[in-house]
Number of protein chains: 2
Amino acid sequence: MVNLLYLPLAAGVLSMLFALYKFRWVKKQPAGNEEMVEISNAIKQGAMAFLRREYRVLFVIAIAVAILVTLPEKGFMNLVAVSFAVGALFSGLAGYIGMRSATNANCRTTEAARKGLVPALKVAFNGGSVMVLSVVGLSIIGLSALMIIYTRVFGTDVGTLNDTVIPILSGYSLGASSVALFARVGGGIFTKAADVGADLVGKVETGIPEDDPRNPATIADNVGDNVGDVAGLGSDLCESYIGSIIGAVTLGGTIGDSRLVFLPLIIAGLGVIVSMIATAFVRTREGNDPQRALNFGTIGAAVIMVIASAPVILYLAPETYSAGGITYTNMGLFYAIIIGLLSGVLIGIITEYYTADGKKPVLDIARQSQTGAATNIISGIEKGMLATGLPVVMLAIGIYVAFLAAGLYGIAFAALGMLATTGIQLAVDAYGPIADNAGGLAEMAQLPAEVRERTDKLDSVGNTTAAIGKGFAIGSAAFTALSLFVAFKEKAGIEVIDVTKPIVVAGLLIGGMLPYVFSSFVIGAVGRAAFKMIEEVRRQFRTMPGILEGTQKPDHVRCVDIATQAAIREMIIPGVSAVIIPVIIGYMGGAEMLGGVLVGVTVSGIMLALFMANSGGAWDNAKKYIESGAYGGKGSEAHKAAVIGDTVGDPFKDTAGPAMDIVIKLMAVVSLIIVTNIPA
Amino acid sequence: MVNLLYLPLAAGVLSMLFALYKFRWVKKQPAGNEEMVEISNAIKQGAMAFLRREYRVLFVIAIAVAILVTLPEKGFMNLVAVSFAVGALFSGLAGYIGMRSATNANCRTTEAARKGLVPALKVAFNGGSVMVLSVVGLSIIGLSALMIIYTRVFGTDVGTLNDTVIPILSGYSLGASSVALFARVGGGIFTKAADVGADLVGKVETGIPEDDPRNPATIADNVGDNVGDVAGLGSDLCESYIGSIIGAVTLGGTIGDSRLVFLPLIIAGLGVIVSMIATAFVRTREGNDPQRALNFGTIGAAVIMVIASAPVILYLAPETYSAGGITYTNMGLFYAIIIGLLSGVLIGIITEYYTADGKKPVLDIARQSQTGAATNIISGIEKGMLATGLPVVMLAIGIYVAFLAAGLYGIAFAALGMLATTGIQLAVDAYGPIADNAGGLAEMAQLPAEVRERTDKLDSVGNTTAAIGKGFAIGSAAFTALSLFVAFKEKAGIEVIDVTKPIVVAGLLIGGMLPYVFSSFVIGAVGRAAFKMIEEVRRQFRTMPGILEGTQKPDHVRCVDIATQAAIREMIIPGVSAVIIPVIIGYMGGAEMLGGVLVGVTVSGIMLALFMANSGGAWDNAKKYIESGAYGGKGSEAHKAAVIGDTVGDPFKDTAGPAMDIVIKLMAVVSLIIVTNIPA
């Protein structure tokens, strides 16, 4: 069956070629007038400069991490470091390609928006899908290639797979996760520092509109959209893809059937093909609602995935397999995929309810804004906490039913099933910042108002789907973390992880606390970086009075620089801690305590991630609802209160929240890699 | 050894007599002029009216709960319902007595404050200690009396204790916990609705000072201090006391030595004596810092407890006992008490750092208030999240070391050790609202400014110690919940609760989510009730223009009524859910899933409780710091931002946060009671 691994490899290559085609297509579109090109170039330079500096720091950290986790290994196990390097490289590359494409697409989307909504959607969506296609392509190329090479070297019997091939392959996942976490945290800090800084001095203090070219932080704000929402997202998606595959592969190995080791890679290859097809579904006609086009793509991907996976599973999976004393049939795996997709879609729909414009929670928050910022904040926190309820119930049911259908392996398979739709949903997530940038460009280049209206329309559509995508990301993170955790236990050689044992309880408590402290660091970092940005913008307005009169150009390079420095400095502590803590606890407290920590991190992290994503999303849309004219509209007291809520929600939903699902998986992968060296 | 149980019974009676003596002493103090007495009576009537209506609803709910949990029991097990009734009655009674005393003490403290700080402290502290003394007295009287009766009826061999006596005794803990939860939630909603309502219309909209007699919600605000911070606290403390004893008793039974069943009661009796002595330590001279007097009482109680428990343990505990295949000596129990006290004190000190005036976190929040409410809120959330870090590490270490010293029983014993100091610390917690009321009275009766200054001084001292008390309460809740949880597993007849089993994971996730949804309900309830209060106050100002001119009396009865109705209606859903959910999950999902739920609730609940208590406390003190003149002082933009933070923190620290540790224990007790009837 190893030879079949050339199929996902081929799918990956195909996906890269398709991405290249789209990349070139975008590049060929008209880029607009000279001013637009100039601004777009400034954004691109800022973004690339950030990425270069970030990757330079990451390079050093990656080497340290590689040494740390592989140091106690002897001989061949240093191949873990090789896998790690490939994973880190590919994850970084995925972010880089996505950002190149996005920064090409921004001015071209603006230019297309002069003609209409449909051409603008086409450019923005193609620009975004370059990232998704390269992410899934690179992930699967790396994984299949390494698997092919390692099995050639070591062999394909299941004992070798379990003891040698899979452990060294896990390094690939670690590499991808590490880079993803730094990219998410660094990018998240950059984008929110610039956003908050630009808004507070520009809109609030000076009273100039958003994206006004006179504001020195405007370019930094637009750079932030790219480095946070595109490059960060790309690395994030890359690690989700790889993490869920590694989880399934490891559990497949413990069942003792090599077919179950290779199957996840082939299913993932299928997901790549599905992603390619689904991007073709997203098209709309002038006058139609672009949201429908996006929904069509998402649902289409899910349906195709289900249909296509049936024959693959029936032909390639063993007809029956035994795990934990129970015999499962291959149909169970098919059901597991459906369960994964279904719970993902349901969680997405629920998340949409809690954050969407026009639904009760958002209307409630908007109404509560009338009595001031305090009631707005209280209401947003209340809704966000409530929004953890149903998704978690769905998750619990999904996990249990997937287990009934196909054993623990079924849980990993459910996560795999989500991949196809995650890909297409995140293409939407990736197209949002392009539309956002395009709007900024229209404003800065002083194009007619209708252009801005069209890009705003595109942007608002992206927001809802992005919220669904976030719910989906949390769901798949939970499934993946759980399968990695189960794999950890299997490898640790401990029978059970019993929560009535004090050492496990101690681990649980510490694990439950870590997401809070992590979030605290990240939220604090945004605050500190924004404070520096505010000071710089104030300084420029004070020392260069010509800026506001329009006779002097603001020094936007300086602002980009401040955000870059702050983001890179602040990402190091939380990022490194997430890798080091499992290592310290594993060696000091043993595998059982580390197991407790992993469970605690997962449970607490999922809740915080859901809470923060939902509160943040709801505050954002409550503000937008008021801006559309409710309760006095822009400039009213209710609006001021809603702006405060939105600002509080920014680091919640765009920095700490999205980092949480990477932290959960990263800690599980680190533990899985060190497990054979720590005391039971 | 059963006869020794008359000792704690006697200690309980002694404590009640001491409480009666102090109650009368307070009553004998001068109550001030006619106006003061009139206002004090209005507060008293409002508080009593609330309590009557609350208890009437509670009576109905208590019967329903008693039927629910005891329905599947046959024959003698209906004694669970009897124990339940006694527990519920005593918990309610403790709250009632405390509130009677507090509403007597308020005007007398004001009157004493006309003479000086020392007499005022004496009256307020004696008023507060009546509650603590009756709480600990009633708790131990009920528990020892029931134990004596049940052992007389059924016998004292350890098998009978395990199978009959201890299970029916657990009903006592359930009764106390149920009442405590309703009292905490109902009282918490009342006090914060009145507080927020009074402040938003009075201070912010109309610009009249706090506690101004023209504000119709002022009396309701002062009533709230009593029903929330006194009656709610009394029931809460009562359930902590009983819960930790029941946890230890149950675990003692599983070891198979009846001496270990009776010992916790005797240690608790000792704690009652220590509480009595410690209240005598709290005295100060004019010019000295009253905080020092309170600290002296707290530390004194801890030291006496340690010294006095040594001979008790050495003489009454078995020299050695075996549990989990390990043999422990009785010295281990002594160490466990020290560990409990030590981790309690350390958690308290850390909590103080994060919330105290003049320390970095509070200063940071105050500084961040300069750039507006958004940065104030972000900063408060950041500090609150960070503040979960060290206390949780302390807790984890404490749990593990207590286990090493004396086995799982040692964890329950560590919680017992905390009791003595919890008592005295909560006396301080109880004296805070009396000082607060006294200040309100001084304002309303227009006494000289120095009186208000003195009561403010008293109040601010209480605040810091109250924050420590909250950290302590969370710590002991964690220890107690854990011992109840271990007892649950022992009784369930399951070997382990393995977190790699999907049914347990499903339970964990649902359990982790419940504290969020619960908090959401409670926080939302405060918002809704406050909204009604705001409307009523606005209506009175509008329809009775004479109020603000001072020619017409406001209708404060109506405001008290609104808060009462809202609080009672809103407490039902969260309160009933906390009892019903474990029952539903137990019967539908089985003991293992319920075990997962309990662990999830405990881990997630502790984090949220710490986060909310610390954020709320820090916001409060940041506001006070600015009011003392920093960053422009009262009325500045920074102050407005800080007031918003404080308002957000109110339901955090005074409603949802304190309810959390009751929820944790209540769910564990319910589970422990139903455990023999649910599927394993």
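See the structure shown above.
In this report, we go over the structure that sits alongside the text.

Parameters and conventions
- Residues numbered from 1 in each chain as written.
- Chains lettered and ligands numbered in written order.
- Predicted model: local features only at pLDDT ≥ 70, side-chain atom pairs only at ≥ 80, totals over all residues.
- Heavy atoms only, no water.
- Helix = DSSP H or I, 4+ residues; strand = E, 2+ residues; numbered from the N terminus.
- Rg over C-alpha atoms; globule rule 2.2 N^0.38 Å.
- Contact = heavy atoms within 4.5 Å.
- Areas by Shrake-Rupley, 256 points an atom, 1.4 Å probe, with all protein chains shown as cover.
- Lys, Arg positive; Asp, Glu negative; His and termini not counted.
- Charge placed at Lys NZ, Arg CZ, Asp CG, Glu CD.
- Expected span 1.5 Å × (residues − 1).
- Bend = angle between axes of the 7 residues up to and from the residue.
- Buried < 20%, exposed > 50% of the residue type's maximum accessible area, 1.4 Å probe, protein only.
- Salt bridge = Lys/Arg side-chain N within 4 Å of Asp/Glu carboxyl O.
- Phe/Tyr/Trp six-rings, centres within 6.5 Å; stacked < 30°, edge-to-face > 60°.
- Pairing = 2+ DSSP bridges.
- Least-squares fit on C-alpha atoms with pLDDT ≥ 70 in both.
- Axes fitted to C-alpha atoms, helices over the stretch in contact; angles between N-to-C directions.
- Parallel < 35°, antiparallel > 145°, perpendicular 65-115°, else oblique.
- Left-handed = near helix turned anticlockwise from the far one by under 90°.
- Nonpolar A, V, L, I, M, F, W, Y, C, P; charged D, E, K, R; others polar.
- Core = buried A, V, L, I, M, F, W, Y, C linked by side-chain atoms within 4.5 Å.
- Buried area = accessible area lost by both parts, 1.4 Å probe.
- Polar contact = N/O pair within 3.5 Å; in protein donor to acceptor, adjacent residues only side chain to side chain.
- Patch = residues over 30% accessible without salt bridge, like charges linked within 9 Å, V, L, I, M, F, W, Y side chains within 5 Å.

## Re the overall build of chain A
- The number of helices and strands found in chain A is 17 helices and two strands.
- Its C-alpha atoms give chain A a radius of gyration of 24 Å, within 12% of the compact-globule value 26 Å for 680 residues.
- With the C-alpha coordinates of chain A rotated into their principal frame, the extents come out at 75 × 50 × 45 Å.
- In chain A, of all internal contacts separated by at least 6 residues, the share reaching a separation of at least 24 is 84%.
- In the form shown here, chain A has an accessible surface area of approximately 20700 Å², with 62% of it arising from carbon and sulfur atoms.
- The positive charge centre, built from 48 side chains, and the negative charge centre, built from 51, are 4 Å apart in chain A.

## Some points on helix α6 (residues 218-255) of chain B
Residues and elements named next belong to chain B.
- For α6, with 38 residues, the first-to-last C-alpha span of 55 Å sits near the 56 Å given by 1.5 Å per residue.
- A maximum bend of about 30° is found in α6 at Leu 233.
- The buried count for α6 comes to 35 of 38 residues, which makes it a mostly enclosed element.
- Immediately downstream of α6, the backbone of Gly 256 shows phi near 95°, a positive value.

## Let's talk about the side chain of Lys 489 of chain B
- Mapping Lys 489 of chain B onto the fold places it in helix α13 (residues 449-492).
- It is Glu 490 of chain B that comes nearest to the buried, bridge-free Lys 489 of chain B among opposite-charge side chains, at 4.2 Å.

## Quick word on the packing of aromatic side chains
Residue and element names in this part refer to chain B.
- Overall, the coordinates contain 24 aromatic pairs over all chains when judged by the stated rule.
- Judged by centre distance (5.1 Å) and plane angle (70°), the ring pair of Phe 50 and Phe 190 falls under edge-to-face. Here Phe 190 lies in helix α5 (residues 158-206) and Phe 50 lies in helix α2 (residues 34-70), a separation of 140 residues in the sequence. Taken individually, Phe 50 and Phe 190 each receive the classification buried, so the pair is uniform in this respect.

## Some points on the pairing of strand β1 (residues 320-323) of chain A
- The sheet contact formed by β1 of chain A and strand β2 (residues 326-329) of chain A spans four bridges and is antiparallel. Bridge pairing in β2 of chain A links Ser 322 of chain A to Thr 327 of chain A.

## Considerations on the relation of the copies chain B and chain A
- Once chain B has been moved 0.0 Å along the axis and rotated by 180°, it coincides with chain A to within an RMSD of 0.0 Å. Interpreted geometrically, this transformation is the action of a two-fold axis. Scanning chain B for the C-alpha nearest the rotation axis identifies Asp 498 of chain B, at a separation of 2.3 Å.
- The share of interface residues of chain B whose copies in chain A are also at the interface is 100%, consistent with both copies meeting through the same surface.

## A short note on the packing of helix α1 (residues 6-28) of chain A against helix α4 (residues 117-154) of chain A
Residues and elements named next belong to chain A.
- Where α1 contacts α4, the two axes come as close as 7 Å, and the packing angle between them is 155°. It follows that α1 is roughly antiparallel to α4 by the angle criterion. Where α1 crosses over α4, the handedness of that crossing is left-handed.
- For the contact of α1 with α4, the class distribution of residues is 19 nonpolar, eight polar and three charged.

## A look at the nonpolar core
- By size, the foremost hydrophobic cluster in this structure holds 518 residues, and its most contacted members are Ile 245, Leu 333 and Phe 413 of chain A together with Ile 245, Leu 333, Phe 413 and Tyr 431 of chain B.
- Filtering out sequence-adjacent residues up to four positions away, Phe 413 of chain B remains in contact with Leu 263, Ile 267, Ile 313, Leu 333, Ala 336 and Ile 337 of chain B.

## Focus: the interface of chain B and chain A
- In this assembly, 63 residues from chain B lie in contact with 63 residues from chain A.
- Area buried by chain B at its contact with chain A is led by Met 385, Leu 509 and Tyr 516 of chain B, which between them contribute 13% of it.
- Where chain B touches chain A, the interface holds two salt bridges.
- The shortest N-O distance in the salt bridge between Arg 528 of chain B and Glu 382 of chain A comes to 3.9 Å.
- There are nine residue pairs in polar contact (both at pLDDT 80 or more) connecting chain B and chain A.
- Listing elements by their share of the side of chain B that touches chain A, those giving two or more residues are α10 (360-368), α11 (373-386), α12 (389-444), α13, α14 (502-543), α16 (556-627) and α17 (637-674) of chain B.
- At 18 residues, α14 of chain B tops the list of elements feeding residues into the side of chain B that touches chain A.
- Partitioning the side of chain B that touches chain A into residue classes produces 46 nonpolar, 10 polar and seven charged.

## Some words on the environment of Arg 100 of chain A
Residues and elements named next belong to chain A.
- In this fold, Arg 100 is placed in helix α3 (residues 79-113).
- Sequence separation of Arg 100 and Phe 403 is 303 residues, and the distance between their C-alpha atoms is 41 Å.
- In this view, Arg 100 contacts Phe 23 and Met 48; residues no more than four positions away in its chain are not counted.

## Details of the pattern of salt bridges
- In the structure shown here, the tally under the stated rule is 51 salt bridges over all chains.
- For Arg 259 of chain B, the salt bridge is made with Asp 257 of chain B, and the minimal N-O distance between the two is 3.0 Å.
- Several salt bridges converge on common partners, so that one network encompasses Lys 192, Asp 195, Asp 620, Lys 624, Asp 650, Lys 653 and Asp 654 of chain A.

## Focus on a nonpolar patch on the surface
All names here are of chain A.
- Residues Val 13, Leu 14, Leu 17, Leu 20, Ile 273 and Ile 277 make up a contiguous nonpolar surface patch of roughly 480 Å² in combined accessible area.
- Elements with a minimum of two residues in the nonpolar patch: α1 and α7 (258-281).
- Considering the arrangement of structural elements, one finds Leu 20 in helix α1.
- With relative accessibility at 44%, the residue Leu 20 sits in the partly exposed group.

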